[in-house]
Amino acid sequence: MDDKKIIFSGVQPSGNLTLGNYLGAIKNWVKLQDEYNCIYAMMDMHTITVRQTPADIRRRTFEVLALYIACGIDPEKVTLFIQSHNPAHAELAWVLNCYTYMGELQRMTQFKDKSSRHAENINAGLFTYPVLMAADILLYQADFVPVGKDQMQHIEICRDIAERFNAIYGDVFKVPEGMLPKVGANIMSLQEPTKKMSKSDENPKAYISLMDDMNIIAKKIKSAVTDSEGVIEYREGDETKAGVNNLLSIMSAVTGREIDSIAAEYSGKGYGDFKGDVAEAVVECIRPIRQEYDRLISDKQYLLDICAKGAESAARISQRTIKKVYKKVGFVV
Ligand code: TRP
């Protein structure tokens with residue numbers, strides 16, 4: 001073992017990955033893979049907390065995996081696996097369930113949110129979702145967990161559970177820290193630019209999927225909501241400028257240029273020209289990813305081999321934690 005710090009993160013294969021996911025998260029993960037021991041998983045077990053079509057989960061699991069690799073996540077450097085392939089997640093989740101209070105789960109924003117959106121199916125898995133997530137992270141003794149802001153509450157409860165367990169049994173778990181993506185990579189909806197770009201938006205014009213055709217991507221950018229002022233300027237916090245701010249952020253993120261220099265280049269120009277150039281820059285960013293993706297997705301065996309290798313190494317690491325936990329709580333090991 002080397003002395004690199006450990007990063008764990010996961011994604012639910014529940015929808016298309018968006019440009020926002022790529023610029024805000026995945027691109028960042030690619031940078032982390034040399035500096036840290038990274039473990040990334042497709043969270044299929046979390047996915048079934050809301051009703052799904054089974055074939056969709058399976059297909060999307062492969063899609064997400066192929067996309068990650070196409071985006072530059074290197075399976076030689078990173079442990080990539082499917083959550084359900086490592087039974088330790090379910091095992092630790094059960095134990096941690098017994099060290100988590102109903103009251104703290106009831107306060108979770110995501111639970112309140114999802115149970116109001118799926119009132120017909122408020123199942124126990126949805127309620128204990130954060131416990132499974134805590135198990136995901138604690139199994140690997142992760143130091144850092146890159147997540148979006150919306151997941152920070154889950155990191156907090158994970159830390160609380162770890163600290164509670166450690167207080168009873170001694171130092172069993174590393175208490176992890178959330179790692180927010182750098183500001184500036186916050187990509188907003190193209191239709192309601194004060195809202196985050198989301199793959200679950202009911203309006204497909206609001207987000208760019210990495211799976212969209214190149215001409216659709218260009219069209220979506222060109223029909224992005226802006227304002228009637230006609231000035232290309234970045235004004236932080238000014239809601240009327242949210243659309244333009246967003247396009248400038250996107251342009252900056254895909255080209256690596258500073259927002260100020262982009263805004264200066266377009267000063268005095270119209271939104272039409274600007275949008276056309278943003279569209280072209282986004283297409284050029286996504287095109288090579290898509291080409292690599294198309295190659296990978298047609299090679300199921302390669303993807304399966306990667307998952308199998310990843311799951312094996314994930315299981316090996318997590319067994320150490322399971323053994324320790326079982327021993328501490330009094331199971332015969
Ligand atoms: N809850 C996360 C999301 O919806 C996915 C997730 C599950 C995750 N387990 C995790 C993220 C562990 C980081 C670490 O985005």
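Residues numbered from 1 in each chain as written. Predicted model: local features only at pLDDT ≥ 70, side-chain atom pairs only at ≥ 80, totals over all residues. Heavy atoms only, no water.

### Overview of the site of the ligand
Looking at the ligand, there are 13 residues lining it, with Gln-12, Tyr-129, Met-133, Asp-136 and Gln-151 nearest. A distance of 2.6 Å separates a nitrogen atom of the ligand from a polar side-chain atom of Tyr-129. At 2.9 Å, a side-chain N or O of Gln-151 approaches a nitrogen atom of the ligand. In the complex, 88% of the free accessible area of the ligand, which totals 370 Å², lies under the protein chains. If one sorts the elements of the shell around the ligand by residue count, helix α7 (residues 124-139) sits on top with four residues. Classifying every residue of the shell around the ligand gives seven nonpolar, five polar and one charged. (Near = heavy atom within 4 Å. Polar contact = N/O pair within 3.5 Å; in protein donor to acceptor, adjacent residues only side chain to side chain. Areas by Shrake-Rupley, 256 points an atom, 1.4 Å probe, with all protein chains shown as cover. Helix = DSSP H or I, 4+ residues; strand = E, 2+ residues; numbered from the N terminus. Nonpolar A, V, L, I, M, F, W, Y, C, P; charged D, E, K, R; others polar.)

### Brief notes about the packing of helix α10 (residues 242-255) against helix α12 (residues 271-297)
α12 packs onto α10 with a crossing angle of 35 degrees between their chain directions and a minimal axis gap of 9 Å. Of the two possible hands of crossing, α10 and α12 adopt the one that is left-handed. The segment α10 lies against α12, with Val-244, Leu-247, Leu-248, Ile-250, Met-251, Val-254 and Thr-255 engaging Tyr-271, Phe-274, Lys-275, Asp-277, Val-278, Ala-281, Val-282 and Cys-285. Class assignment for the residues of the contact of α10 with α12 results in twelve nonpolar, one polar and two charged. (Axes fitted to C-alpha atoms, helices over the stretch in contact; angles between N-to-C directions. Left-handed = near helix turned anticlockwise from the far one by under 90°. Contact = heavy atoms within 4.5 Å.)

### Side note on the pairing of strand β2 (residues 37-42)
Buried residues dominate β2, accounting for five of its six residues. Examined bridge by bridge, strand β1 (residues 6-11) and β2 share six bridges and lie parallel to one another. Bridged to Gly-10 within β2 is Ala-41. The sheet contact formed by β2 and strand β3 (residues 79-82) spans four bridges and is parallel. Paired with Ala-41 across the two strands is Phe-81, which belongs to β3. (Buried < 20%, exposed > 50% of the residue type's maximum accessible area, 1.4 Å probe, protein only. Pairing = 2+ DSSP bridges.)

### Re the domain arrangement of the protein
We note that the domain assignment places domain 1 (6-180 + 300-329) and domain 2 (204-294) within the protein. The C-alpha centroid of domain 2 is placed 31 Å from the C-alpha centroid of domain 1. Of the residues lining the interface, twelve residues belong to domain 1; the matching set on domain 2 comes to 14 residues. Ranking the residues of domain 1 by area buried against domain 2 places Leu-19, Leu-67 and Ala-70 at the top, with a combined share of 42%. Counting across the domain 1 and domain 2 interface gives zero salt bridges. Our enumeration of links across domain 1 and domain 2 arrives at three residue pairs in polar contact (both at pLDDT 80 or more). Where the side of domain 1 that touches domain 2 is concerned, the elements lending two or more residues are α1 (19-32) and α3 (54-70). (Domains from an automatic or database assignment. Buried area = accessible area lost by both parts, 1.4 Å probe. Salt bridge = Lys/Arg side-chain N within 4 Å of Asp/Glu carboxyl O.)

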